[in-house]
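Single-letter residue listing:
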Amino acid sequence: MVVEITKDIIEYLEMHKDALNEQSDVVVMIDEIARQCYEHHHVIYAEIDVFEYLKKCKVLENRSRKLFSALFRSAFTLKSFVDATRYRIVYSTVIENNTLKIEDGVIKLYVPIVKKFLLAQAILVCENLRDCELYIDLVKEIIREKGTNISLSIHPIHCGGSEAEATVRNEILTGECRPIACIMDSDKKSKTDKYGASAKNAIEIFNRENDKYPIALHVLSVRMKENLFPPEVLTLETNIGNKEFLTALIQVQDDFCFEEFFKFFNFKDDVTLKRSEKVLNFRAELEAIGIIWPSEEQIVNEPDKILVPGIGANGLGNFHKSVLKHQLDERYEKMVQFRCKEEDCEKVHQKAIKAHCILQYVKKPWEDDWKAIEQLVIDFGIAFPETMTFVG
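Overview of the structure. Worth saying up front: this structure is predicted, and the values here are computed from it rather than measured. Position numbers for residues start from 1 in each chain and track the written sequence from start to end. Local features in a predicted model are, by the rule used here, given only for residues with pLDDT of at least 70; side-chain atom pairs are given and counted only at 80 or more, and totals for whole chains, interfaces and linings are based on all residues. Side-chain metrics rest on all non-hydrogen atoms present in the structure, leaving aside hydrogens and water.

1. Some details on empty space enclosed by the protein
Next, step 1: Of the grid points, spaced at 1 Å and generated over the protein atoms alone, those admitting a 1.4 Å probe that cannot get out make up cavities, while open sets with protein on both sides within 12 Å along at least five of seven lines make up pockets; any residue with an atom within 4 Å of a point is treated as lining. Grid points are joined across faces, edges and corners, and a volume is the space filled by probe spheres set on the points. Under the definition given, this model contains 1 cavity of 30 Å³ or more.
Next, step 2: Forming the walls of the largest cavity are Glu226, Asn227, Phe229, Pro230, Pro231, Leu234, Leu246, Phe262, Phe267 and Trp366.
Next, step 3: The nonpolar class holds Ala, Val, Leu, Ile, Met, Phe, Trp, Tyr, Cys and Pro. Asp, Glu, Lys and Arg form the charged class, and all remaining residues, Gly among them, are polar. The class makeup of the residues in the lining of the largest cavity is 8 nonpolar, 1 polar and 1 charged.

Here it is in structure tokens:
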């Protein structure tokens with residue numbers, strides 16, 4: 001996260017310099033902010049004269065002064081980090097309590113630096129760790145494809161769905177400034193449906209805490225994470241369970257009439273004949289791609305027959321590894337190494353190439369969620385790259 005140090009802080013340091021020592025609250029806070037950035041968890045931003053003062057401030061730790069000296073010389077580079085974000089923490093001495101403001105489209109949480117609200121690494125809260133890892137790797141892929149010089153440092157935390165409120169509350173109660181980004185499934189089955197329990201819990205605590213704590217929430221506009229990816233992207237995973245069904249959907253993925261279907265159909269689970277009534281509102285779309293609707297007699301005689309195959313419990317996980325983590329590259333190399341059929345090798349090779357260019361396939365109804373997830377994870381996870389060193 002971008003952490004800004006205001007000019008009034010150096011004015012405070014100068015005014016009280018004879019009374020300050022290494023244990024003074026403001027000194028401890030500045031050293032801790034510097035340590036977090038030194039360890040590549042956040043990005044410090046300030047005006048050039050602030051860095052110039054801090055690099056010479058002898059009451060600060062030597063490591064802190066070296067960091068501020070390096071940042072003083074890299075002021076132009078810092079601007080690119082700041083421009084990529086829409087949320088930041090602003091430490092100041094002229095306020096008494098945490099105060100949320102929106103300035104020029106940027107959300108700023110002003111925090112009094114004289115209170116020991118110690119900065120810690122940001123966290124991403126989702127219903128399970130696999131969700132966290134999926135979103136982080138998705139954003140890393142977006143960053144890579146866009147060619148932007150952004151590094152991420154954000155710790156995944158799972159909340160077990162309905163425990164979102166308790167999980168976030170416990171993190172806040174630690175007393176540290178641990179910025180919290182949260183992404184939840186909407187669990188909506190249609191455009192007019194209500195949010196599920198997990199999303200409602202997350203919204204409740206966000207509304208209660210966002211004006212005084214660094215927290216941001218995105219509830220998916222689609223039903224769940226399985227609805228986040230166009231079929232043309234999902235089918236890059238060569239072993240996905242419902243490949244034939246997804247392949248049939250590629251021809252209609254740009255059709256406006258299918259937008260609600262892609263957003264709210266349950267792609268995760270199999271739809272059996274006895275459960276066909278649960279997807280009755282999508283009958284027209286399913287029949288349009290060749291699904292033959294069962295008769296009452298068929299439902300009675302073959303209730304467990306699969307009408308529409310789902311991705312399955314591990315389907316999206318396999319896609320995550322193959323496409324977002326680019327294990328297709330490794331699969332292709334092994335196929336060549338073991339001299340598999342040239343035709344089979346080339347099929348995997350072409351999918352591996354496409355897996356490095358998935359942004360081109362993302363349009364409505366997926367692009368809004370992708371943009372929101374990208375911005376949220378960057379806002380809270382942006383950090384100095386590991387290649388950036390801080391020497392005096």
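2. What about the packing of aromatic side chains?
Next, step 1: We call Phe, Tyr and Trp rings a pair once their centres come within 6.5 Å, taking the six-membered ring for Trp, and we label the pair stacked below 30 degrees between planes, edge-to-face above 60, and tilted otherwise. By the definition in use, this model includes 18 aromatic pairs.
Next, step 2: With 5.1 Å between their ring centres and 50 degrees between their planes, Tyr87 and Phe380 make a pair best called tilted. On the criterion of sequence distance, the pair formed by Tyr87 in strand β3 (residues 87-92) and Phe380 in helix α17 (residues 367-381) is long-range, its members being 293 residues apart. Each member of the pair, Tyr87 as well as Phe380, carries the same accessibility label: buried.
Next, step 3: Site record: aromatic cluster; members linked through ring pairs are Phe245, Phe258, Phe261, Phe262, Phe265, Phe267, Phe282 and Trp366.
Next, step 4: In this structure, Lys55 is placed above the aromatic ring of Phe72, and the distance from its NZ or CZ to the ring centre is 4.0 Å. Note on conventions: DSSP H or I runs of at least 4 residues are helices, E runs of at least 2 residues are strands, and numbering of each starts at the N terminus. Exposure classes here rest on a 1.4 Å probe applied to the protein chains alone. A residue is buried below 20% of its type maximum, exposed above 50%, and partly exposed in between. For a lysine, the NZ atom is tested; for an arginine, the CZ atom; a charge sits over a ring if that atom is within 6 Å of the ring centre and within 35 degrees of the ring normal.

3. Some words on the sheet that holds strand β5 (residues 106-112)
Next, step 1: Only strands that DSSP links by at least two bridges are regarded as paired with each other. If you trace the 5 strands from one edge of the open sheet to the other, you get β2-β1-β3-β5-β4, paired in mixed fashion. With partners counted over all chains shown, the strands left at the sheet margins are β2 (43-45) and β4 (99-103), one partner each. Pairs of neighbouring strands in the sheet enclose a mean axial angle of 30 degrees, with direction left out of account.
Next, step 2: Residue contacts are defined here by distance: any two heavy atoms, one from each residue, within 4.5 Å place the two residues in contact. Note on method: axes are straight lines fitted to C-alpha atoms, helices fitted across the in-contact stretch only, with angles between N-to-C directions ranging 0 to 180 degrees. Against the sheet, helix α5 (residues 75-83) touches β1 (2-5), β2 and β3, its axis set at about 110 degrees to β2.

4. Examining the side chain of Asp131
Next, step 1: With respect to the helices and strands, the residue Asp131 is situated in helix α6 (residues 129-146).
Next, step 2: Within polar-contact distance, the side chain of Asp131 engages the side chain of Lys225 at 3.0 Å.
Next, step 3: Setting aside anything within four residues of it in sequence, one finds Asp131 in contact with Cys126 and Lys225. The definition of a polar contact used here is a pair of N or O atoms within 3.5 Å, where within protein one atom must be able to donate a hydrogen and the other to accept one, and adjacent residues in sequence count solely through side-chain atom pairs.

5. Side note on the packing of α6 against α17
Next, step 1: Orientation of α6 relative to α17, taken along the N-to-C sense of each, is 95 degrees, at an axis distance of 9 Å. Between α6 and α17, the crossing angle belongs to the class labelled roughly perpendicular. Together, Tyr135, Leu138, Val139, Ile142, Ile143 and Lys146 of α6 and Trp370, Ile373, Glu374, Val377 and Ile378 of α17 make up the contact between the two elements.
Next, step 2: Looking at side-chain class alone, the contact of α6 with α17 contains 9 nonpolar, no polar and 2 charged residues. Any angle from 65 to 115 degrees is called roughly perpendicular, while one under 35 is roughly parallel, one over 145 is roughly antiparallel, and all others are oblique.

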